[in-house]
Amino acid sequence: MRFAVGGIFNETNTFAAPVTDISAFTIRRGEACLDLAGANHSLGGAIDACRELGIEAVPTIYADSLATGTTARPIFEALLDELAERIISAGPLDGIALALHGAMVAEGHPDADAAIVQRVREVVGSGVPIAVAVDFHANIGQPMLDAADIVTVYDTYPHCDQAERAREAVALLARTARGEIRPVTALVKPPMMPVPQGQHTEQPPFRDLLARAHEIEARGDALIVSVAGGFAYADVPEAGLSVLATTDGDPALAHAIASDLARQAWNARDRMAVHNVPVADAVAEAIAFPGGPVMLVDVGDNIGGGTPGDGTALLAELLRQGARGAIMVIADREAVALAARAGVGGLLEATVGGKTDRWHGDPVPVRGRVRSIGDGRWVHEGPEWAGVPVEMGTTAVVDVDGVTLVLTERATAPGDQQQLKSLGITPTEQRIIVVKAAVRWRGGYGPIARHAIHVDTPGLGSANLAGFPYHHIRRPIWPLDADAAWPHPA
Ligand SMILES: [Zn+2]
């Protein structure tokens, strides 16, 4: 058998500045897609599964990016055209395996993932099964399910099972292609939109919801049962939590399973609510804590959720309170250029951060010695994305009073200790580590963190959803509408 593999992977924060430049995407064409084999990655997992099952994996195109703002229409449509053309020119195929995020928005395509699967369906017709592996933060809608045969969702946040879920998708795709099973999926979406910080899957209530899903799978009642936490920062109708159940040809059973688990999620919503610490209190608490590292979690500037990574609220407060032994990464191309001009050992005088938009604090004036300048390349050691390379762009380490400031050209989510280790910095020796994340930091830093403080910083990742100008989500929806009711009264 031959399965085409590929995808377009983007998580969209529709409140962030739109993407108009194709360079936001890393694009692997043809054979280059196969470089992801062996990595903890959904495309890599799909390729590995094909090889193990004796199926030829036919690479097409894989375009991915950091979480960003809405993708410009011509960029999205050009990528989609290329995916379609490469599938057409791949010759006879027995199945398609797509690695998508599930919360992508492009101009003119509010459900871009559905648009991708629909286009692929048009190209291959009804006779070729399509499997899709999506992120835990996917905002899943019925149109994507209608066009796909199989959808798997990561069961972990921080994400550690990308490859495994894609392997599951390919295994079910193979059984479907051989006519052994006839997957049917039910989707139930209670009116709830929990923020990322309330979605940690190693803690209740998500831990319990996923344990229940796995129990149902283990019992053999369903082929796949998934709970996708959803992504609240995409202002689209399908934003929010999704429960999916896929059975072998039994739609009523799929619906009953999904409804039951959705009710359980709805009833647990209050335990998904989060309460963060004001900036000044958080910094005082971190300074007073004996030993370290203390993680100051910059929730408002959660890079993995599409923020610019240049939020300054914590930098300003750390300097104001005279913190010692703190480290913080800020994306600021302009400041990196100034540091490079000053050179190693030189003096940097610059205003740092707060330059992308008005959501993430003001630029902060700093004066410090440049300790090092590097190319900002490193490879994830895991558990998240192990083996996947990262390019932060030119990166300068600058000592500013008691704060080690790492300036990068590109925003980079802080899920892995290699981000600092690759710069010769030992994370365990830091007293305070600022992470621009909600939950993702736990993958790399969880094992070494002595204490963590979630900070109510301003920004496009803020847990205070009432501060966002929503126009397209379903209303009423929890937590924006405390009185949201479900099931809806008849
Ligand atoms: Zn995610």
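Enquirer: Whenever I open this one, the sheet that holds strand β6 (residues 150–153) confuses me. Can you help?
Expert: The pairing of strands in a sheet happens through backbone hydrogen bonds and is either parallel or antiparallel. Strand order in the open sheet formed by six strands is β2-β3-β1-β4-β5-β6, with mixed pairing between adjacent strands. Edge positions in the sheet fall to β2 (26–29) and β6, since each has one partner strand and no second. Across the sheet, the mean angle separating the axes of adjacent strands is 15° when strand polarity is ignored. Most of the contacts of helix α1 (residues 42–52) go to strand β1 (residues 2–9), to which it runs at about 175°, and overall it touches β1, β3 (56–64), β4 (95–99) and β5 (130–134).

Enquirer: Mind showing me how you'd approach the side chain of Thr-68 here?
Expert: Here Thr-68 lies in the loop between β3 and α2 (73–88). A distance of 2.8 Å separates polar atoms of two side chains, one belonging to Thr-68 and the other to Asn-10. With sequence-adjacent residues up to four places away left out, Thr-68 is seen in contact with Asn-10, Glu-11, Thr-12, Asn-13, Val-19 and Gly-306.

Enquirer: What am I meant to see in the domain arrangement of the protein here?
Expert: For the protein, the assigned domains read domain 1 (2–272) and domain 2 (279–462). With centres defined by C-alpha atoms, the gap from domain 1 to domain 2 works out at 31 Å. Taken together, the contact between domain 1 and domain 2 spans 26 residues of the former and 23 residues of the latter. Between domain 1 and domain 2, the buried area comes to about 1,900 Å², and carbon and sulfur atoms account for 59% of it. Of all residues in domain 1, Leu-66, Pro-158 and Gln-197 give up the largest surface area on contact with domain 2, accounting jointly for 25% of the area buried on that side. Inspection of the domain 1/domain 2 interface yields zero salt bridges. The tally of links between domain 1 and domain 2 comes to seven residue pairs in polar contact (both at pLDDT 80 or more). Counted by class, the side of domain 1 that touches domain 2 contains 14 nonpolar, ten polar and two charged residues.

Enquirer: Looking at this structure, I do not really get the pairing of β3. What am I missing?
Expert: Two faces, one strand: in a regular strand the side chains alternate between the faces of the sheet. Of all nine residues that make up β3, eight are buried, and the element is covered over most of its length. In this structure, β1 lies alongside β3, joined through seven bridges in parallel fashion. In the strand pairing of β3, Phe-3 is matched with Ala-57. For β2 and β3, the ladder comprises four bridges, and the chain directions are antiparallel. From the neighbouring strand, Thr-26 faces β3, where its bridge partner is Asp-64.

Enquirer: Before we go on, may I ask you to explain the packing of helix α8 (residues 279–288) against helix α9 (residues 313–320) in this structure?
Expert: Helix packing geometry: the angle between the two helix axes and the distance between the axes. Two numbers describe how α8 lies on α9: the axes approach to 10 Å, and their chain directions differ by 55°. Here α8 lies oblique to α9, going by the angle between them. For α8 against α9, the interelement crossing comes out right-handed. Each of Val-279, Ala-280 and Val-283 in α8 lies in contact with α9, whose residues at this interface are Ala-313, Leu-314, Glu-317 and Leu-318. Residue composition of the contact of α8 with α9, by class: six nonpolar, no polar and one charged.

Enquirer: What should I look at first to understand the packing of helix α6 (residues 206–219) against helix α7 (residues 251–267) in this one?
Expert: Between α6 and α7, the shortest axis-to-axis distance is 10 Å and the interhelical angle comes to 165°. With respect to their mutual orientation, α6 and α7 come out roughly antiparallel. At the point where α6 passes α7, the crossing takes the right-handed sense. Between α6, through Asp-208, Leu-209, Arg-212, Ala-213 and Ile-216, and α7, the contact on the second element is made entirely by Ile-257, Asp-260, Leu-261, Gln-264 and Ala-265. Class assignment for the residues of the contact of α6 with α7 results in six nonpolar, one polar and three charged.

Enquirer: Just checking my understanding: could you explain the side chain of Thr-71 for this structure?
Expert: Note on placement: Thr-71 falls in the loop between β3 and α2. When near neighbours in sequence (up to four residues on either side) are disregarded, Thr-71 contacts Asn-10, Val-19, Phe-25, Phe-76, Met-104, Val-105, Ala-106 and Glu-107.

Enquirer: Is there a simple way to think about the coordination of the zinc ion in this case?
Expert: In an ideal octahedron of six donors the angles at the metal are 90 or 180 degrees, and in an ideal tetrahedron of four donors they are 109.5 degrees. Coordination of the zinc ion by the protein involves Asp-135 (OD), His-137 (ND1) and His-159 (NE2), with metal-donor separations of 2.1 Å. The motif formed by the donor residues of the zinc ion, counted along the single chain, is D-x1-H-x21-H. With Asp-135 in the loop between β5 and α4 (142–147) and His-159 in the loop between β6 and α5 (162–177), this residue pair connects regions lying 24 residues apart in the sequence.

Enquirer: Mind showing me how you'd approach the environment of Arg-320 here?
Expert: Assignment of secondary structure puts Arg-320 in helix α9. Judged by relative accessible area, Arg-320 falls into the exposed class, the value being 61%. When the C-alpha positions of Arg-320 and Ala-280 are compared, they lie 9.5 Å apart, and in sequence the two are 40 residues distant. Side-chain polar atoms of Arg-320 contact the side chain of Glu-317, separated by 2.7 Å.

Enquirer: Explain the packing of aromatic side chains here, please?
Expert: Remark: the centre distance and the inter-plane angle together describe each pair of aromatic rings, the angle taken between the planes. Per the counting criterion, the structure on display carries nine aromatic pairs. With 5.0 Å between their ring centres and 45° between their planes, Phe-15 and Phe-468 make a pair best called tilted. Remark: Phe-468 occurs in the segment after β19 (451–455) and Phe-15 occurs in the loop between β1 and β2; sequence separation between them is 453 residues. A relative accessible area of 15% places Phe-15 in the buried class. When its relative accessible area of 6% is taken as the criterion, Phe-468 is described as buried. Pairing Phe-136 with Phe-206 gives two aromatic rings, centres 5.7 Å apart and planes at 75°, and the pair type is edge-to-face. Residue Phe-136 is found in the loop between β5 and α4, and its partner Phe-206 is found in helix α6; the two are separated by 70 residues along the sequence. Residue Phe-136 shares its accessibility class with Phe-206, and that shared class is buried. Aromatic ring contacts, followed pair by pair, group Phe-15, Phe-231, Tyr-233, Trp-359, Phe-468 and Tyr-470 into a single cluster. One cation-aromatic arrangement involves Arg-269 over Trp-266; the distance from NZ or CZ to the ring centre is 3.8 Å.

Enquirer: I tried to follow the sheet that holds strand β8 (residues 224–228) on my own but got confused; where do I start?
Expert: With respect to topology, three strands assemble into an open sheet ordered β7-β9-β8, the strand pairing being antiparallel. The open sheet is flanked by β7 (183–188) and β8, the only strands paired with a single partner. Taking each pair of neighbouring strands and ignoring which way they run, the sheet shows an average axis angle of 15°. Of the pairings in the sheet, the one linking β7 to strand β9 (residues 242–248) comprises six bridges and is antiparallel in character.

Calculation notes
- Residues numbered from 1 in each chain as written.
- Predicted model: local features only at pLDDT ≥ 70, side-chain atom pairs only at ≥ 80, totals over all residues.
- Heavy atoms only, no water.
- Pairing = 2+ DSSP bridges.
- Helix = DSSP H or I, 4+ residues; strand = E, 2+ residues; numbered from the N terminus.
- Axes fitted to C-alpha atoms, helices over the stretch in contact; angles between N-to-C directions.
- Contact = heavy atoms within 4.5 Å.
- Polar contact = N/O pair within 3.5 Å; in protein donor to acceptor, adjacent residues only side chain to side chain.
- Domains from an automatic or database assignment.
- Buried area = accessible area lost by both parts, 1.4 Å probe.
- Salt bridge = Lys/Arg side-chain N within 4 Å of Asp/Glu carboxyl O.
- Nonpolar A, V, L, I, M, F, W, Y, C, P; charged D, E, K, R; others polar.
- Buried < 20%, exposed > 50% of the residue type's maximum accessible area, 1.4 Å probe, protein only.
- Parallel < 35°, antiparallel > 145°, perpendicular 65-115°, else oblique.
- Left-handed = near helix turned anticlockwise from the far one by under 90°.
- Donors = N, O, S within 2.8 Å, 3.2 Å for Na, K, Ca; no water.
- Phe/Tyr/Trp six-rings, centres within 6.5 Å; stacked < 30°, edge-to-face > 60°.
- Lys NZ or Arg CZ within 6 Å of the ring centre and 35° of its normal.

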